[in-house]
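For reference, the chains in residue letters:
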There are 2 protein chains.
Amino acid sequence: MRNIKNLECSKCAKTHLHTVPQNVCHACGKPLFARYSLTAALKREDLASRAPTLWRYRELLPVGDEANIVSLGETMTPLIHAKRLGAAVGTLCKRASLAEVWIKDESRLPTGSFKARGLAMAVSMAKALGLTQLAIPSAGNAATALSLYAAAAGITAHIFMPKDTPAFNRETCELAGANITLIDGLISDAGRIVAERKAAEGWFDVSTLKEPYRVEGKKTMGFELAEQFGWELPDVIIYPTGGGTGIVGMWKGFAELEALGWIGEKRPRFISVQAVGCAPIVKAWEEGMPEAEPWPDAHTIASGLRVPQAIGDFLILQAIRESGGAAIAVTDDAIREAMHLLPATEGLLTCPEGAATVAALKQAVANGMISPSERVVLFNTGGYQA
Amino acid sequence: MRNIKNLECSKCAKTHLHTVPQNVCHACGKPLFARYSLTAALKREDLASRAPTLWRYRELLPVGDEANIVSLGETMTPLIHAKRLGAAVGTLCKRASLAEVWIKDESRLPTGSFKARGLAMAVSMAKALGLTQLAIPSAGNAATALSLYAAAAGITAHIFMPKDTPAFNRETCELAGANITLIDGLISDAGRIVAERKAAEGWFDVSTLKEPYRVEGKKTMGFELAEQFGWELPDVIIYPTGGGTGIVGMWKGFAELEALGWIGEKRPRFISVQAVGCAPIVKAWEEGMPEAEPWPDAHTIASGLRVPQAIGDFLILQAIRESGGAAIAVTDDAIREAMHLLPATEGLLTCPEGAATVAALKQAVANGMISPSERVVLFNTGGYQA
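These notes cover the structure that comes with them. (Residues numbered from 1 in each chain as written. Chains lettered and ligands numbered in written order. Predicted model: local features only at pLDDT ≥ 70, side-chain atom pairs only at ≥ 80, totals over all residues. Heavy atoms only, no water.)

**Some thoughts on the pattern of salt bridges**
Under the counting rule described, the total for this entry stands at 52 salt bridges over all chains. We note a salt bridge from B:Glu291 to B:Lys30, for which the minimum N-O separation is 3.9 Å. Placement of the pair is B:Glu291 in the loop between helix H8 (280–287) and helix H9 (313–322) and B:Lys30 in the loop between strand E2 (15–16) and strand E3 (32–36), with a sequence separation of 261 residues. By sharing partners, the salt bridges in this structure join A:Lys104, A:Glu106, A:Arg117 and A:Glu224 into a single network. (Salt bridge = Lys/Arg side-chain N within 4 Å of Asp/Glu carboxyl O. Helix = DSSP H or I, 4+ residues; strand = E, 2+ residues; numbered from the N terminus.)

Written as C-alpha cells, this is what we have:
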C-alpha cells in the first residue's frame, strides 16, 4: 500500500529519503516532490466502493500505515453546476450565457477551508515520522488548519501570523490550544521568524512547499475534479493564488493520473488569480519571467492572497505556461462585488479569495480569454466569515 | 419514484392533500407529517452506488420530479470517532474513558449548518408547488439557509429575526439578497409578525413544523447515522433543542426505516439539550407534562437555543419519553468550556449549540445517565463564528 519511493527536487531532480523528515532540497533549496511506484497501482474502478473522502486515493498518497492518518472527516467537496452564475456573467459581459461554469466548494472541508487537505497530509506524515513540534507561518487559514489537525494528533503547533489576520483564524487557533505569535508584518516576515528560530527551538517547519506533503494533500483537489467529471478534465481552472500550492499540486496530480492511464493528455488552462495589491505571479507572467520578484507593500482584503513571495513561484509559472493559461489581477472592489454575486445567484457563500475567481471569470470572459462555451471550474477555497 | 401518499396530522391523524401548499392541520393546528407508500421501496443495498448526498434517500423524500431539487451540494456529513474527547470526558467525570463517542459534524453542510437539510427540502417543495414568496421567523441559521436556497431557486425570501442575531446570519442573508426585518424581540415575536402579515402579503410561511417538509429534510440525519453505523443505531443521541425538528425528524425517520425492514426495534435514547436560560422542554420533561409552557425572558449565548416555545413540543417530549431519554439544561459557562474542549481534543470547530451537547455529555456521564461503555452520538449543528 505504501507506493512512495522517495522525494525528488522539483528543480534539480536530486533524490532524498522520504523515511526521515525533510524540508527543501539539500542541494538547491527548492521544493521536494514525493515520487511513487505507480506500476502496481489501482484501477479507477476500484474507487467506487471506497468512502467519499480524499483518502480514497491512498495508493497515490504518502501515508503508509493507516494508523497514522489524522482525519477530521475530509469528505470529497461538492462540484456544483453554477448555471445561474454562468448566465449572470454572460449578461454582465454582454456575451452568451456560460452554460458550463462549475464551483468546487472547498469551504466544506474540516477547518473551514481548502487548507485542510495539505495539513491533513502534513500532520499525518509528521505523526508517522515522530515529529512533535510543528511551526508554520500563515496568512490565516493554514494556521487554523494546522492548529486543529495538530490538536487531534496530540502534536504542538506554533503559529506565526500577521496581527491583522482575520479574527476567525486567530480565535480558532486559540481554541485548538496552539502557541500563537502575532507578527507586525506579513506572512513572509512570519516565515523569516520561523526559519531563524526553528533549529534552536526544535520545531519542524511546515511552510507550504518547504515541507513535501502539503502539496500531496492539495493534489487531491485535482483527483476529485477528474473523478467527478468522469475522468475528463475541464477546459479551464480558475484558482486564487497565494503560495500557489493548489495549482502546483493539481498539475503534479494530473501528471500522475496520466501516468496511470486514468486520464489523457488534455490539461485545463490554469488561470491564476491574484489581487492588484499583491500580484507577483501576474507580474512575472506578464513579463515572461521564470520566477517572481517579491511584491512590495502587499495589501488586499483577501488575506490569503497577501503573499508577497512564494518559494514555488517557478512551479506555478511553469504550470500556467505549459497549460496555456494566464495570470489575472482583480481589484478589491471586484472581489467585494463577487462576494455578493455568488450567493445571490447560486446560494453559495464564499471567502474573498474564492470570490476573486468569480471576478477573474468576468474579466476573462469580457476580454475573450475564456469563451462562453468552455467548461470552467472555479475554486471556492473557503467559507464566508462575518 | 414519488412515494408520498399524503400529509397526515401528527396529533389528530386527519389527512391532507400534499399536492397543494399546506401549513398545519386544518382541524387542530398541529404539524403535518408526510406519509409514504413504502411497500414498493428500495433495498438498502441499492444505496451503495448512489452519490453521497442526502438525495440518495430520494424514495423516502417528498420531492417527486428531480428537476425541482434545489441543491447546494448536501454531502453526507462525517461521523467522527471522538476518542480523545471520550477520554477527556471520562477523566473530567472521574470515570472510565468513553470509547464510543462520535460526532456527527453538521457544520459541513451548505450554508454552514444543519438547517440546510430542512430548507433544501422546503425550498425544493416550494419550487415544485409554484410558491415564489417564502417567509420565515428564525433565530439565525435557518434564515441563512432559507436565504441561500431561495436565491439558488430564484424565490424571494422574507426573513424575520431578532436584531441581536449573530452577524454571520445577518450578513449572509444580505449577501443572498433576502428581504430582512430585524425584530426587537425573540423568534417567537418574529413568528407572530409572519403569521399576522402573511395572508395580506401573499407569503408562504416556512416556520419549522408549520411547514411539512423541513422535518423531512431533518430526518435524513437519522438515515445517514443508521447507514454510517451499518444499520445499527447508537445507544444515545445528544441533540441541541430549539424548535426540536431534528429529534422529531430522526424519530420519524427511524420508524420509516423499521417499516422498510432496514433496522430493528432498537432506538437510541434521545437526550435533548437546552440552555438554563431557555429550557422549556427540560421543564416539561422534568414535570412530566405532555406539552411545554412558553419560557419567559429567554436568554443564552447559544442563539439557536433561544426558542421560548416550539409548536412540536409534544412530539419532542414523546420522542424523549418513548426512547427512554432525557432533557438536560446546561449553563452558558459550560457551553463556553465545551467550545474549547472539542477543538482542543478532536480538532473540530463548533457553534455554541453543538458545544452544548459536549457539556450535556459531561453532565450525563457524571450523574450516571450515560455509562462510559455506551455508544453516544453528539450532533454538532454548525460551525464556529468569530
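Having seen the model, we can carry on.
**Some words on the packing of helix H2 (residues 115–128) of chain A against helix H6 (residues 214–228) of chain A**
Residues and elements named next belong to chain A. At a minimum axis separation of 6 Å, H2 and H6 run at an interaxial angle of 130°. With respect to their mutual orientation, H2 and H6 come out oblique. For the pair H2 and H6, the sense of crossing is right-handed. Note on element contacts: H6 touches H2 through Arg214, Glu216, Gly217, Lys218, Thr220, Met221 and Glu224, opposite Lys115, Arg117, Gly118, Leu119, Met121 and Ala122. Counted by class, the contact of H2 with H6 contains 4 nonpolar, 3 polar and 6 charged residues. (Axes fitted to C-alpha atoms, helices over the stretch in contact; angles between N-to-C directions. Parallel < 35°, antiparallel > 145°, perpendicular 65-115°, else oblique. Left-handed = near helix turned anticlockwise from the far one by under 90°. Contact = heavy atoms within 4.5 Å. Nonpolar A, V, L, I, M, F, W, Y, C, P; charged D, E, K, R; others polar.)

**Overview of the sheet that holds strand E1 (residues 4–9) of chain B**
Residues and elements named next belong to chain B. If you trace the 3 strands from one edge of the open sheet to the other, you get E2-E1-E3, paired in antiparallel fashion. Of all strands in the sheet, those with a lone pairing partner are E2 and E3, marking the two edges. The pairing of E1 with E2 spans 2 bridges and is antiparallel. When the sheet's bridge partners are listed, Leu7 is paired in E2 with His16. (Pairing = 2+ DSSP bridges.)

**Some thoughts on the environment of A:Thr91**
All names here are of chain A. For Thr91, the position within the fold is in helix H1 (residues 83–92). Of the residues examined, Thr91 reaches a relative accessible area of 60% and is grouped as exposed. Residues Thr91 and Ala13, 78 residues apart in the sequence, show an inter-C-alpha distance of 48 Å. (Buried < 20%, exposed > 50% of the residue type's maximum accessible area, 1.4 Å probe, protein only.)

**Section: unusual backbone geometry**
Trans is the common state for peptide bonds, and a negative phi is the common state for residues other than glycine. Residues and elements named next belong to chain B. Within the chain, Leu209 stands out as a residue other than glycine whose phi angle is a positive 65°. Among the secondary structure elements, Leu209 is positioned in the loop between strand E9 (204–205) and helix H6 (214–228). For Trp231, which is not glycine, the phi dihedral falls at a positive 65°. Inspection of the secondary structure puts Trp231 in the loop between H6 and strand E10 (236–240).

**Points about helix H3 (residues 141–153) of chain A**
Residue and element names in this part refer to chain A. Taking 1.5 Å of rise per residue, 13 residues should cover 18 Å, and H3 covers 18 Å from first to last C-alpha, within 8% of that figure. Burial within H3 is extensive, with 11 of its 13 residues counted as buried. For H3, every residue scored as buried is listed here: Ala142, Ala143, Thr144, Ala145, Leu146, Ser147, Leu148, Tyr149, Ala150, Ala151 and Ala152. Looking one or two residues past H3, Gly154 carries a phi angle of roughly 70°, positive in sign. (Expected span 1.5 Å × (residues − 1).)

**Regarding the interface of chain A and chain B**
With 38 residues of chain A in contact, the opposing surface of chain B contributes 38 residues. Interface area for chain A against chain B, summed over the two sides, is near 2800 Å², with a carbon-plus-sulfur share of 61%. Summed over the three residues of chain A that lose the most area to chain B, namely A:Arg108, A:Leu175 and A:Tyr384, the buried surface amounts to 23% of that side. At the junction of chain A and chain B, the tally comes to 0 salt bridges. Class assignment of the residues belonging to the side of chain A that touches chain B gives a composition of 22 nonpolar, 10 polar and 6 charged. (Buried area = accessible area lost by both parts, 1.4 Å probe.)

**Digging into the side chain of B:Glu346**
Among the secondary structure elements, B:Glu346 is positioned in helix H10 (residues 332–346). No salt bridge is formed by the buried B:Glu346; its nearest oppositely charged neighbour, B:Arg84, is found at 5.5 Å. In terms of polar contacts, B:Glu346 uses its side chain to reach the backbone amide nitrogen of B:Lys83, at 3.2 Å. When sequence neighbours within four positions are dropped, the list of residues in contact with B:Glu346 reads A:Leu72, A:Ala152, B:His81, B:Ala82, B:Lys83, B:Arg84 and B:Leu85. (Lys, Arg positive; Asp, Glu negative; His and termini not counted. Polar contact = N/O pair within 3.5 Å; in protein donor to acceptor, adjacent residues only side chain to side chain.)

**Notes on the packing of aromatic side chains**
The description of an aromatic ring pair uses the distance of the two centres, along with the angle that the planes make with each other. All names here are of chain A. Inspection of every chain in the model, using the stated rule, returns 18 aromatic pairs over all chains. One aromatic cluster is present, formed by Phe114, Tyr239 and Phe379 through successive ring pairs. The ring of Phe314 has Lys11 lying over it, and the distance from NZ or CZ to the ring centre is 4.7 Å. For the cation-ring pair, Lys252 lies above Phe33, with the distance from its terminal atom to the ring centre recorded as 5.7 Å. (Phe/Tyr/Trp six-rings, centres within 6.5 Å; stacked < 30°, edge-to-face > 60°. Lys NZ or Arg CZ within 6 Å of the ring centre and 35° of its normal.)

**Description of the sheet that holds strand E6 (residues 133–137) of chain A**
Residues and elements named next belong to chain A. Reading across from one edge, E8-E7-E6-E9 is the order of the 4 strands in this open sheet, with parallel pairing throughout. Both edges of this open sheet fall to strand E8 (179–183) and strand E9 (204–205), since each of them pairs with a single strand only. Relative to E9, E6 runs parallel, the two sharing 2 bridges. Bridging from a neighbouring strand, Ala135 pairs with Asp205 of E9.

**Some remarks on the relation of the copies chain A and chain B**
Take chain A, turn it by 180°, move it 0.0 Å along the axis, and it overlays chain B with an RMSD of 0.0 Å. Within this description, the copies of the chain are treated as partners about a two-fold rotation axis. For chain A, the residue whose C-alpha comes nearest the rotation axis is A:Arg108, separated from it by 2.6 Å. Mapped onto chain B, 100% of the interface residues of chain A are again interface residues, and the two copies thus contact each other with one and the same surface. (Least-squares fit on C-alpha atoms with pLDDT ≥ 70 in both.)

**What to know about the state of the cysteines**
Residues and elements named next belong to chain A. Inspection of the entire model under this criterion finds 0 disulfides over all chains. Lacking any disulfide linkage, Cys12 is separated from the closest cysteine sulfur, that of Cys25, by 3.6 Å. On the basis of relative accessible area, Cys12 is assigned to the partly exposed category, the value being 38%. (Disulfide = S-S within 2.5 Å.)

**A word on the packing of H3(A) against H10(B)**
Contact geometry for H3(A) and H10(B): axes closest at 5 Å, N-to-C directions at 75°. As far as their axial angle goes, H10(B) and H3(A) are roughly perpendicular. Facing A:Leu148, A:Ala151 and A:Ala152 of H3(A), the residues of H10(B) in contact are B:Pro343, B:Ala344, B:Thr345 and B:Glu346. Looking at the contact of H3(A) with H10(B), its residues break down into 5 nonpolar, 1 polar and 1 charged.

**Focus on the pairing of strand E13 (residues 376–380) of chain B**
Residues and elements named next belong to chain B. Burial analysis of E13 places 5 of its 5 residues in the buried class, the great majority of the element. Residues of E13 alternate between two faces, with Val376, Leu378 and Asn380 on one and Val377 and Phe379 on the opposite face, all of them buried. Pairing between strand E5 (residues 101–105) and E13: 5 bridges, direction parallel. Bridge pairing in E13 links Val101 to Val376. Looking at chain direction, E10 and E13 are connected through 3 bridges and run parallel. Across the sheet, the residue bridging to Val236 is Val376, located in E13.

**Considerations on the side chain of B:Thr111**
Structurally, B:Thr111 can be placed in the loop between E5 and helix H2 (115–128). The buried category is assigned to B:Thr111, whose relative accessible area is 8%.

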